[in-house]
Amino acid sequence: MSTVESRPLVGTGVNRVDGPRKVTGTAPYPMDFSVPGQAYGALVQSTVAAGRIVRMHTDAAEGAPGVLSVLTHENRPEVGAGPTTALGASPPSPLRNDRIVHHGQHIAFVVAETPEQAVAAARLVHADYDAAEPLLDLRDPRAETLVDPWGTDIARGDAAAALESAEVTVRATYTTADNTNNPLGLFATLAAWEGDTLTVHDTSQWPSMVRATLSAVFGIPESAVRVLVPYVGGGFGAGLRAWPHVILTAMAARLIKRPVKLVLTRPQMFTSIGHRPSGVQWVSVGATREGDLTAVDHRSLSSLSMEETDFEPFSSGSAFAYRCANVVTQDRQARLNVAVPTSMRAPAEAQGNFALESALDELARDLRVDPVELRRRNHTDVDPRNGLPWSEKALLECYEVGARRFGWADRNPEPRSMRDGNWLVGYGMASAWFPYFAQPCAAQATINSDGSALVRSAATDIGTGTYTVMAQLAAGELGLPLDLVRFDLGDSDMPNSMMAGGSGLTGGLGNAVHDACRRLVRTFVELARGDAESPLQGASPDDVECTGGRIHLAGRPDRGESYAAVLARHKLSELTANGSSTPPDAEELGMSLAGAYGAKFVEVRVDADLGLIRVARVVSAIDGGRILNEKTARSQIIGGTVGGIGMALLEDTVTDPRTGRIANGTFGDYLVAVNADVPDLDVIFVGEPDRGTATATKGVGEVGLVGIPPAIANAVYHATGKRLRDLPITLDALL
């Protein structure tokens, strides 16, 4: 069985199928949902970062107008622990004891008849604390340090000896700030119980995980929990956990026997749903005078909260980025009195790539070798970790095409040599990568009696275009026009899906949709092959292809029939098939699964007197495997680029060093890239379909951000002659 090779809907820049709902304001986001009889919740948060609660004062709040309940650690119902997921352990249950581990920790949950009453009553709750001195400095020797917490450290060859004997070495320390995900839409939860059945609307990138968590916490079967997330409104990784406020909302709804709705405030978003961890990295690279890498030693220390986990191996990308026989990577975490870090777009690679690609630029300068040429010389066609060839890697093409498009050859390599009036002009570049990631997925495909198709999975669309590209993929596999295919998602009652994260959903879910559609066509053929009235009588599923809403013999469009005709003749209203996917095994494939790669080229302008930095233009050459929809994929790269500009020049979640309070927890104080900061962004896709999976795709959600911070830092050095190793780069560092 095959679909025709020319798939006009796959790969083209099809408009988002959910676009009309979004632009007309009819797309329902989590905070838009309401149900009859609902009450409203408001959080009370700690005003110290460490210590214990001596006494909770709730009398005034309990007597306030409209208040239905005030939950604290002293009266909250007992609940179970959440499960361990593909991303690690669940956050600890809320209000579990009197211990305070970070400023802004939830210490009470007020429920009232109206949101205004809930907020007013929450202000009446306060606590007496036995406060302790918080640990807030990443390098504080008193902090508990976790060494190789994920078992990802590697030691290949003898890096120490190779560094000692290297003809040229660079040794440098780089720091990256705490960033906060800050999607525009505030996170919200609406929980409603009917007996022991729970329905939740939640801001989540992973409905199946929220369902499993609530099932475990409340001791009810997963079949008794339904999580609905038709639209998210952004997450950038913040929606990959079932956060304590979600459990609190469901807990309160069960207690008062009414639906309860909670919408976080913007300041609460800074302490309730994670953030990119701050970190310090030590990188040493050694090379021959010709520019061949002989040693890479990359070590990191990143922040972690007191009681939770976060997977952020900063240095791991250095193990496979380039051809080098002697490599050490080592990651550590320091437990601090901070809110839990979590995934933020391009987790770990954004930070680790900044350090390594900055160090390589420093090496290129010392060698007086072009930065692009240095990377070309150390390119590897095999995975250095296992010696297997990559399933597809077009990084060399990214360098070539990106440099030509950018005009890299016009660059004068000397720092401070290019000017435009009072503006110092700098060109910088960096390699980018994000490793392959996928989890098991399932999907269901149905064709109805009118010939239309419905495909379903419990995934989410966080703006990446999942609604659209999965409909395109199904239309291509079934040979249907796009307007006859609907893809439904955002409901945990649908077939289980992996998270929308790690650049893995398009591949994992796409392969499941591919499998479901193939199985569905096979079911139709099996039905028709024994039917004397069918033109497909006797046909094998391997003999057919699907075009124009019909199944026909390959190369014989006259010998076939429509889906509707098959269903009508057998008096069926529909046929359904289920599909699934699991991540392939590299050893079985004989290939190492390649994630996305790219080359980033940036022009910056720096005011010679004031130190103001402006990004003038960015060229991103991306190897993303098979691109299902060029428009949505390009949008992902653009969005990631904007995030990279923010990480490089603007974003810094500032924690007061004495109290642990976040000092800039509003959009008025926390700087993100806006239209005036976003320049001409050019995106080019290169390479071939990936050989490792059925749909031949790679995820591009993360690789758009990776490489932008070091390319900007390298461009700032070229413009000014000043090497800055700390993010964000601000004008005061240049004065």
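From a predicted model like this one, the values you see are computed outputs, not experimental measurements.

The rules we used
Residues numbered from 1 in each chain as written. Predicted model: local features only at pLDDT ≥ 70, side-chain atom pairs only at ≥ 80, totals over all residues. Heavy atoms only, no water. Helix = DSSP H or I, 4+ residues; strand = E, 2+ residues; numbered from the N terminus. Rg over C-alpha atoms; globule rule 2.2 N^0.38 Å. Contact = heavy atoms within 4.5 Å. Areas by Shrake-Rupley, 256 points an atom, 1.4 Å probe, with all protein chains shown as cover. 1 Å grid on protein atoms, 1.4 Å probe; cavity = no way out; pocket = protein on both sides within 12 Å on 5 of 7 lines; lining within 4 Å. Points joined across faces, edges and corners; volume = space filled by probe spheres on them. Nonpolar A, V, L, I, M, F, W, Y, C, P; charged D, E, K, R; others polar. Core = buried A, V, L, I, M, F, W, Y, C linked by side-chain atoms within 4.5 Å. Buried < 20%, exposed > 50% of the residue type's maximum accessible area, 1.4 Å probe, protein only. Pairing = 2+ DSSP bridges. Salt bridge = Lys/Arg side-chain N within 4 Å of Asp/Glu carboxyl O. Arc of directions from axis to C-beta. Phe/Tyr/Trp six-rings, centres within 6.5 Å; stacked < 30°, edge-to-face > 60°. Lys NZ or Arg CZ within 6 Å of the ring centre and 35° of its normal. Axes fitted to C-alpha atoms, helices over the stretch in contact; angles between N-to-C directions.

(A) Region of interest: the overall build of the protein. The helix and strand tally for the protein stands at 17 helices and 31 strands. The C-alpha atoms of the protein give 27 Å as radius of gyration, which agrees with the globular expectation for 735 residues (27 Å, within 12%). Dimensions along the principal axes, computed over C-alpha positions, put the protein at roughly 80 × 75 × 50 Å. Across the protein, the fraction of contacts at a sequence separation of at least 24, relative to all contacts at a separation of at least 6, is 81%. Taken as a whole, the protein presents about 26,900 Å² of accessible surface, with 50% of it coming from carbon and sulfur.

(B) Expanded view of empty space enclosed by the protein. Under the criterion given, the structure shown has five cavities of 30 Å³ or more. The wall of the largest cavity is formed by 25 residues, among which Arg-96, His-102, Gln-105, Pro-244 and Glu-308 lie closest to the centre. Secondary-structure elements contributing two or more residues to the lining of the largest cavity are β8 (106-112) and α7 (266-272). A breakdown of the residues in the lining of the largest cavity according to their chemical character gives 13 nonpolar, eight polar and four charged. Its volume calculated, the second largest cavity comes out at about 130 Å³. What lines the second largest cavity is a set of 17 residues, and nearest its centre among them are Tyr-436, Phe-437, Ser-503, Lys-698 and Gly-699. The biggest single contributor to the lining of the second largest cavity is helix α12 (residues 505-529), with three residues.

(C) A look at the nonpolar core. The biggest cluster of nonpolar side chains holds 91 residues, and the ones touching the most others in it are Phe-109, Leu-214, Phe-218, Leu-478, Val-513, Phe-524 and Tyr-563. No other element matches α12, which puts 11 residues into this core. Filtering out sequence-adjacent residues up to four positions away, Leu-214 remains in contact with Leu-198, Val-200, Gly-219, Ile-220, Val-225, Val-227, Val-246 and Ile-247. Of all hydrophobic cores here, the second largest spans 87 residues; its members include Val-168, Ala-594, Ala-633 and Leu-681.

(D) Representation of the pairing of strand β27 (residues 556-562) within the structure. By the bridge criterion, four bridges tie strand β26 (residues 550-553) to β27 in an arrangement that is antiparallel. Within β27, the position partnered with Ile-551 by the bridge is Glu-561. A loop of two residues connects β26 with β27, the two strands running antiparallel in sequence, and Gly-555 in this loop sits at a positive phi of about 75°.

(E) Here's a closer look at the layout of surface pockets. Taken as a whole, the second largest pocket spans an internal volume of roughly 610 Å³. Every residue lining the second largest pocket is counted, 24 residues in all, and those nearest its centre are Leu-136, Leu-138, Thr-176, Asp-178 and Ser-278. Of all elements in the fold, only β12 (168-176) and β17 (279-287) reach the threshold of two or more residues within the lining of the second largest pocket. Classifying every residue of the lining of the second largest pocket gives 10 nonpolar, eight polar and six charged.

(F) Broad picture of the pattern of salt bridges. Counted under the stated rule, the structure contains 40 salt bridges. Asp-682 serves as the salt-bridge partner of Arg-405, at 2.8 Å between the closest nitrogen and oxygen. Of this pair, Arg-405 sits in helix α10 (residues 395-406) while Asp-682 sits in strand β31 (residues 680-686), and the two are 277 residues apart along the sequence. Judged by its relative accessible area of 46%, Arg-405 is partly exposed. A salt bridge links Arg-519 to Asp-515; the nearest nitrogen and oxygen atoms lie 3.0 Å apart. Of this pair, Arg-519 and Asp-515 both sit in helix α12, separated by four residues, roughly a single helical turn.

(G) Structural view of helix α3 (residues 115-122). Within α3, the full set of buried residues consists of Ala-118, Ala-121 and Ala-122. Down the axis of α3, the buried side of the element spans an arc of 100°, and every buried residue falls inside it. In this structure, the buried residues of α3 make contact with β2 (39-45), α2 (59-62), β4 (67-71) and β8.

(H) Spatial organisation of the environment of Ala-346. When you line up the elements, Ala-346 lands in the loop between β19 (327-335) and α8 (349-367). A relative accessible area of 0% places Ala-346 in the buried class. Each C-alpha atom of the pair Ala-346 and Thr-180 lies 13 Å from the other, and the pair is 166 residues apart in sequence. When sequence neighbours within four positions are dropped, the list of residues in contact with Ala-346 reads Arg-276, Gln-351, Phe-434, Glu-702, Leu-705 and Val-706.

(I) Here's a closer look at unusual backbone geometry. With an omega of 0°, the peptide bond running from Leu-727 to Pro-728 counts as cis. Mapped onto the elements, Pro-728 comes out in the loop between α16 (708-720) and α17 (731-734). The phi angle at Lys-257 is positive, at roughly 60°, despite the residue not being glycine. As for its position among the elements, Lys-257 is in the loop between α6 (244-256) and β16 (260-263).

(J) Just the packing of aromatic side chains, in detail. Considering all chains together, one arrives at 14 aromatic pairs under this definition. Judged by centre distance (5.4 Å) and plane angle (80°), the ring pair of Trp-150 and Phe-311 falls under edge-to-face. Here Phe-311 lies in the loop between β18 (293-304) and β19 and Trp-150 lies in the loop between β10 (145-147) and β11 (154-156), a separation of 161 residues in the sequence. Judged by its relative accessible area of 21%, Trp-150 is partly exposed. Their ring planes at 80° and their centres at 5.4 Å tell us that Trp-193 and Phe-218 sit as a pair that is edge-to-face. Here Trp-193 is found in strand β13 (residues 188-194), whereas its partner Phe-218 is found in helix α5 (residues 207-218), with 25 residues between them in sequence. For Trp-193, a relative accessible area of 14% corresponds to the buried category. Residue Phe-218 is classed as buried on the basis of its relative accessible area of 9%. Here the aromatic residues Phe-406, Trp-408, Tyr-427 and Phe-601 are joined through ring pairs into a cluster of three or more. We note Arg-617 situated over the ring of Phe-406; from NZ or CZ to the ring centre the distance is 4.0 Å.

(K) Highlighting the environment of Thr-199. By the element assignment, Thr-199 lies in strand β14 (residues 197-202). For the pair Thr-199 and Ala-224, spaced 25 residues apart in the sequence, the C-alpha separation amounts to 8.3 Å. When neighbours within four sequence positions are excluded, Thr-199 is seen to be in contact with Leu-190, Ala-191, Ala-192, Arg-226 and Leu-228.

(L) Layout of the sheet that holds β8. If you trace the seven strands from one edge of the open sheet to the other, you get β4-β8-β2-β16-β13-β14-β15, paired in mixed fashion. This sheet does not close on itself; its edge strands, each paired only once, are β4 and β15 (225-228). When the angles between neighbouring strand axes are averaged without regard to direction, this sheet yields 20°. Where β4 lies against β8, four bridges are found, and the strand directions are antiparallel. Paired with Val-67 across the bridge in β8 is Ala-112.

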